[in-house]
Amino acid sequence: MHAHYGAGGDGGGSRRAAPLPGDAGLYFLGSLHELVAVGLHRPALEALCAGQRDLAEPPIDRAYLLKILDEEISRQFGHPLRPLIELVLNAADAARAPQPLVDVTVTDGRVDVCDTGVGMGLRAILSRLLIPFATDKRPGIDLGRFGVGFFSVLGFGLSDPESFSLHLTTGDGIEGWAIRVVAWPGAGDAPDAPASAPEEVGSARGRAAPEVAAALMCSVRRIAPLLGTRVRVTSALLEASAVRAYLRDALHFFPASRALVLLDGAAVNDGRLISGGQLVQERIAHPAGAGAGGPAGAGALSAGSSGFAEPARARLEEAVEARDRALLARFHVGGRGLLPSISAATFHAGVKVDACLALAELALIDFPAAVELTEGRDAIKVGPEFTAVAAAFYRRLIQLAAASGEGRRTRDRLAEMAAQISALMLQSAGWDEVARDLARALLGPGRCMVTPERREALLGFLGPSVAERLFVPESFWAEREWQPYLPGERELLEDELELDPAETLSALARRRGDLAGLPLLLARAANPHTTLVALCRSRLPPDRGGADAAAPRRAPGGPPLASTFPEAAGRRPAGPLPCLGTRRLLLIRDDSPAVRRPSGWSDWYALRAAFDRASGVREADLERDLIVGEPVDGAACAAPRPGERTSGGEP
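All residue numbers refer to positions counted from 1 along the written sequence of the respective chain. At least 70 in pLDDT is required for a residue's local features to be given in this predicted model, at least 80 for side-chain atom pairs to be given and counted, and no such filter applies to totals for whole chains, interfaces and linings, which use all residues. Only hydrogens and water are set aside when side-chain values are computed; all heavy atoms of the structure are taken into account.

Our focus in this paragraph is helix α9 (residues 240-251). Numbering goes from the N terminus for both helices and strands, where a helix is a DSSP run of H or I of at least four residues and a strand is a run of E of at least two. One fewer than the residue count of a helix, multiplied by 1.5 Å, yields its expected span. Over its twelve residues, α9 extends 16 Å from the first C-alpha to the last, a length consistent with the 16 Å expected when each residue adds 1.5 Å. Note on classification: 1.4 Å probe, protein chains only; a residue is buried when its accessible area is under 20% of the maximum for its type, exposed when over 50%, partly exposed between these limits. Of all the positions in α9, only Ala 240, Val 243, Tyr 246, Leu 247, Asp 249, Ala 250 and Leu 251 are classed as buried.

In structure tokens, the structure reads:
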């Protein structure tokens with residue numbers, strides 16, 4: 001089957017035996033999946049820990065075992081270097097107070113991760129480290145969840161098996177063990193391979209086998225006692241500068257209370273890589289209906305505690321206390337990274353999950369350990385705790401803006417940032433719950449969202465005074481998140497303008513002969529008899545309005561009286577562009593001087609250019625027409641005489 005060599009001892013430090021001559025403490029040499037099979041079969045595991053030389057073959061389905069191991073080794077993370085973070089998390093879980101420390105050393109082609117915490121004996125190696133999903137990590141306390149960190153690192157052997165090796169040394173202070181994993185030339189030859197030393201296995205590395213797990217060879221050797229664990233990963237894919245940049249970006253917000261991470265001797269999570277901003281801690285309220293661990297569970301403890309046995313009550317109190325510790329989140333808002341690799345990101349327990357490079361500001365979220373990860377282990381699972389943290393983050397933005405008394409520009413930027421974080425990082429969790437409060441606090445009343453390409457047209461049509469009402473999102477994501485909660489362009493126009501009923505341009509020109517600018521628009525229209533337009537004007541101020549304020553006053557059978565114009569009625573003046581295109585029709589301002597009494601080239605140009613743009617003429621065609629077309633002047637745009645036909649062929 002494979003080679004087993006016993007050096008005595010049970011792997012737990014309870015008894016010792018002298019190593020066999022020439023074996024130098026070697027306990028196992030063979031395919032990695034065969035060693036996993038030993039860990040899965042209790043009699044084989046006990047025999048190997050006892051140092052027995054010959055082991056019966058474990059009755060494990062090898063095809064199914066290889067399938068499971070291949071899936072775990074080849075599983076893709078969100079970032080190709082993420083398995084290195086798994087090693088750091090494991091080291092942080094093993095590190096011990098008073099100063100938990102994880103030391104990471106990076107050179108080209110090699111990464112070492114070391115801790116001086118509680119290591120492992122042989123029994124722990126076989127039953128936990130080498131068995132996927134067999135973990136002793138404590139939910140809400142430890143960072144590890146799924147027990148596959150070791151196998152994820154083996155994935156570096158997929159792309160370049162020639163250069164890959166993994167060397168792990170570990171000990172609990174009583175004994176020490178070394179495990180080495182390398183790529184074997186062929187999976188099919190592994191069972192019959194000679195019992196050569198691990199160094200010979202390393203020199204024989206070559207082509208990768210079709211099945212990844214079957215192509216990996218493993219040796220287990222007893223070494224001198226030590227305390228702690230060192231993992232060395234060797235691969236040509238580990239380019240030093242890229243690895244350092246990724247580790248700094250992923251770990252600079254890792255809580256130093258969990259472990260101080262040293263990268264080539266310099267701390268990366270003591271705050272020195274971030275400048276400015278505000279760091280706050282927040283106790284997250286327990287989501288409603290969170291189950292036995294929620295408020296109902298705590299209430300049951302206090303109300304019926306007399307019915308609990310004392311050990312059971314103590315365990316429940318410990319669980320509630322652990323839950324309370326787990327629901328503590330941290331937010332860092334408004335800082336900036338001091339290195340190009342430090343980007344805005346969202347974090348779980350201090351470890352980055354999704355990057356949000358669209359944000360200029362550094363907005364970091366340290367999720368409580370109670371937030372669950374998906375099976376992929378590099379994405380956060382949306383659930384009650386996740387949503388509660390997201391909502392708390394948005395409310396924290398409101399508090400920061402209110403406390404600092406920031407101006408409108410800064411508040412608009414906070415609204416933009418909150419929407420981008422919701423869309424790009426938090427999967428819109430908690431947004432519906434807080435969006436209206438955010439809009440009131442950051443954007444203020446009366447704000448309307450318009451797209452960047454419509455901003456200039458609206459300012460030109462409504463006048464610069466309306467600028468204070470416009471919220472223009474900088475990104476598609478912010479536009480998507482805010483759209484359901486903010487009024488848009490249609491509401492803005494209805495609020496700012498008095499709108500007449502829609503009619504055709506030709507009918508309007510016949511009805512309103514007092515508007516001297518309409519003949520030019522009539523001449524510019526491709527078909528004035530089907531072009532829908534509506535006259536509009538600025539609304540009266542609230543203190544000047546009445547029951548009939550929206551209806552323009554007219555002389556019997558004549559045009560509106562002069563008192564309805566802006567200068568007479570106190571209305572806000574029109575902008576320089578007299579026309580605006582909308583989805584349904586084209587708006588024309590009858591309070592615009594260019595429409596009422598055009599005088600000079602500038603008014604004729606404003607009419608012509610605004611109407612062409614509103615009608616959908618491309619900007620390039622419009623400019624070309626102005627350059628090479630007929631001169632723009634009032635003589636060319638005189639009103640049609642009685643009986644003269646318009647461009648539509650109708651008198």
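So, next bit.
It is worth spelling out the pattern of salt bridges at this point. A carboxyl oxygen of Asp or Glu within 4 Å of a side-chain nitrogen of Lys or Arg is what we treat as a salt bridge. Here the structure, examined in full by the defined rule, presents 33 salt bridges. Between Arg 42 and Glu 46 there is a salt bridge, with the nearest N and O atoms lying 2.8 Å from each other. Remark: Glu 46 and Arg 42 occur in helix α2 (residues 42-49); sequence separation between them is four residues, near one turn of the helix. Of the residues examined, Glu 46 reaches a relative accessible area of 28% and is grouped as partly exposed. Between Asp 612 and Arg 524 there is a salt bridge; the shortest N-O distance is 2.7 Å. Taken together, the residues Asp 612 in helix α22 (residues 601-614) and Arg 524 in helix α19 (residues 518-524) connect sequence positions 88 residues apart. The exposure class assigned to Asp 612 is buried, which follows from its relative accessible area of 7%. Judged by its relative accessible area of 28%, Arg 524 is partly exposed. What you see here is one network of salt bridges that share partners, running through Glu 498, Asp 500, Arg 512, Asp 514, Arg 537 and Asp 590.

In this section: helix α17 (residues 489-496). Within the span of α17, buried status applies to Glu 489, Leu 492, Leu 493 and Glu 496. End-on view of α17: buried residues confined to an arc of 95°, all on one side of the axis. The directions from the helix axis to the C-beta atoms form the arc being described.

Residue position: Lys 67 is located in helix α3 (residues 62-74). Considered as a pair, Lys 67 and Ala 213 are 146 residues apart in the sequence and their alpha carbons are 8.4 Å apart.

The residue His 33 is located in helix α1 (residues 32-40) in this model. Once residues within four sequence positions are removed from consideration, His 33 is found in contact with Arg 62, Leu 65, Leu 66, Leu 69, Ala 213 and Ala 214. Note on contacts: a residue pair qualifies if any of its non-hydrogen atoms lie within 4.5 Å across the two residues.

The next point concerns the packing of aromatic side chains. Aromatic rings from Phe, Tyr and Trp, with only the six-membered ring used for Trp, were paired whenever their centres fell within 6.5 Å, and each pair was classed as stacked if the ring planes differed by under 30 degrees, edge-to-face if by over 60, and tilted otherwise. For the structure shown, the criterion picks out nine aromatic pairs. Look at Trp 431 and Trp 482: their rings are 4.9 Å apart centre to centre, the planes differ by 70°, and that puts the pair in the edge-to-face class. With Trp 431 in helix α14 (residues 431-443) and Trp 482 in helix α16 (residues 476-482), the pair connects residues that are 51 residues apart, well separated along the chain. The two residues Trp 431 and Trp 482 agree in class, both being buried. On the basis of an interplanar angle of 15° and a centroid distance of 5.1 Å, the ring pair of Trp 601 and Tyr 605 is categorised as stacked. With Trp 601 and Tyr 605 both in helix α22 and four residues apart, this pair spans about one turn of that helix.

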